[in-house]
Each structure stands twice: as structure tokens, then as C-alpha cells.
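For reference, the chains in residue letters:
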Amino acid sequence: MSIIDGRAISSELRASIAAEIKELKAQDLSFAPRLVIIQVGDRPDSSTYVKMKLKSCQEVGIDGSLQKLPDDVSEADLLARISELNEDASVHGILVQLPLPAHLDEERITNAVKQEKDIDGFSELNLAAIFKKNAAAKFIPCTPKGIMYLLKHEQVEITGKNVVVCGRSDIVGGPLSKLLEKAGGTVTVVHSKTSPEQLKFYCSNADIIVSAVGRANFITGDLVKQGCVIIDVGTNYVPDATRKSGQRMCGDVDFASCKEKASKITPVPGGVGPMTVAMVLDNLLESAKRSKKA
């Protein structure tokens, strides 16, 4: 069994991005990749993610800035702010931190970001391109892109393999299943309506399992076959009296029982999470490079 170290792989990628940005800036003094994050309100979890993204930008030479709006901002005002950033040629990526307050339409807001600056890959145009056979999205959503990078880095063969994706969200499960299919995998998507019998049948025959359902211990050792590759996307919190906070983070996969069978497995934390942030940087760099060619 080999643990896929997302932190180490992410660190390697960030170093490569930083080196490329440094080289491009040396060649062209006007090259200045810039990301603007829009945060509505003061959710503690959102603030933590924003700080992490801004710190990562600083480390690789990206100009990352935050535009914080009040929790009660109107949808019209938020859309106007996005429109301004869409037209600002110095901005190469716009990231609207989710979730948004209930009075704001997340779909309308994410679709308002110009496709060329949608580094999250959440707009309908980018998602639709993933599902077209011969189309290429401007940007692939960061978590699916990070998972595909991990599989390639670990030299996991996808072509001809049975792949099970647990979860069908627009952010992870949906686009990832299509990316895996385009890579040659035979993909089955399971979800909340899948019966326990079906879940066991499909998982026990899978060469690769990716779980992104947000449910602790959703995948247990008795469901998987020997030698399976397991990618755990889940972020869940369970009670833990030994921790000061009274809880600990875990994924969808029961790591203890699954690691005995898996040939490769990602931990939580330290697996997919670091790759998601790295792909924000990777997408932003790609956007900045495209803008110079335009």
C-alpha cells in the first residue's frame, strides 16, 4: 500500500509554477498575473480558505487580492462588481468564494464570471465543454483537475479500467466522471439513491474509486477489492474527545480498513485538498499566459 502524499505533490507543482512565473516576469516586465477573490460576508470557513489561497498566490508570485462585500449585498451590486472585473484587463482570474448567502443565486453569480477568467471552472460554458466529446474547457474545475493530476503523477492507468465515482455534484463528481471517461476509463457514478447492494457490487469490481459524497465511512474495506486505487475527496468532521476542538477531520473513506486492500490511497487531510489550491494557481497562470498571446 502506498499513501499518495498530496502535500508533497502540491509543493512540487507550486515550486514549478513559481519558477515559471519568475522566468516569464524576467522575460517580460509587464507580465503580472493577478487574481481577485470576492468574498460575501464573514463565514469563518470561507475566510480560512481565502487566506490560504491568498498566501499561496504570494508564495508563487501571483498578485492576489480580496474584495470583501457585506453579507446583505444585493445581487445587482455583486453582479456589477463582477462585470467591472470582467472588463479589467489587468485581472486574469475572478474567484467568487462559495457558499454565498441564501438571497444570492449561486448559479447566476458563477455564470456571470467571464469564461476566460473563470479559473474555478464553475460556469456553464466551462462545464458544458467538459461534457462535449471533442471540446476543451477554458478551465477545468480545480478539484477534478487536481485528482487527474494525482493519478497521472502516480502513474495510475485509467484506460480500460473500471472506475467508480461516488457523488454527482457539478463541482466534483459530474465533471470528474467525464474526465475519467475521456481518459479511457469505464465509469460508473453512484450517489445517494444507489442501494447498498449496488454500491457493493460496483465498488467491489472497481480498479479506481473516487469518493466525493461528504459522508464519513461511506467507503469501507469490505466494499473494495485488493489492489484498488482510492481517492478520497470527502471533508467531514466527526466527534473526537482526544482533540481540543472535540472533533477531527476525516474523509469519506474508512482509511484504516481500506488501506489494507488499496494499492494507493489518499489521506484526509493531506491528499486531494492541497491539490485543489494548487490548481487555482495553475489555472490562473494559464489565464495570464493566454492574455499575453491575445
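Residues numbered from 1 in each chain as written. Predicted model: local features only at pLDDT ≥ 70, side-chain atom pairs only at ≥ 80, totals over all residues. Heavy atoms only, no water.

K.L.:
Mind showing me how you'd approach the UniProt feature "domain: Tetrahydrofolate dehydrogenase/cyclohydrolase NAD(P)-binding" (unreviewed entry) in the chain here?
P.N.:
With numbering matched to this structure, UniProt assigns "domain: Tetrahydrofolate dehydrogenase/cyclohydrolase NAD(P)-binding" (unreviewed entry) to residues 141-291. Along residues 141-291, the helical share is 36% and the strand share 19%, with 20 Å between the first and last C-alpha atoms. (UniProt positions renumbered as here; feature names shortened; annotations may be inferred. Helix = DSSP H or I, 4+ residues; strand = E, 2+ residues; numbered from the N terminus.)

K.L.:
Would you explain the pattern of salt bridges in this entry?
P.N.:
Proximity of charged atoms lets side chains of opposite charge pair with each other. Tallying each qualifying case throughout the model produces 16 salt bridges. With a closest N to O distance of 2.6 Å, Asp45 and Arg43 form a salt bridge. A relative accessible area of 32% places Asp45 in the partly exposed class. Here Glu154 ties to Lys264 by a salt bridge, and the two come within 3.3 Å at their closest N and O atoms. With Glu154 in the loop between helix 6 (142-153) and strand 5 (162-166) and Lys264 in strand 11 (residues 264-265), the pair connects residues that are 110 residues apart, well separated along the chain. Among the residues examined, Glu154 registers a relative accessible area of 14% and is labelled buried. Taken together, the shared-partner salt bridges connect Glu75, Asp105 and Arg108 into one network. (Salt bridge = Lys/Arg side-chain N within 4 Å of Asp/Glu carboxyl O. Buried < 20%, exposed > 50% of the residue type's maximum accessible area, 1.4 Å probe, protein only.)

K.L.:
Would you mind going over the environment of Asp45 with me for this structure?
P.N.:
Relative to the assigned elements, Asp45 resides in helix 2 (residues 44-60). A sequence separation of 248 residues divides Asp45 from Lys293, and the C-alpha atoms of the two residues are 37 Å apart. Here Arg43 takes part through its side chain, which lies 2.6 Å from a polar atom of the side chain of Asp45. (Polar contact = N/O pair within 3.5 Å; in protein donor to acceptor, adjacent residues only side chain to side chain.)

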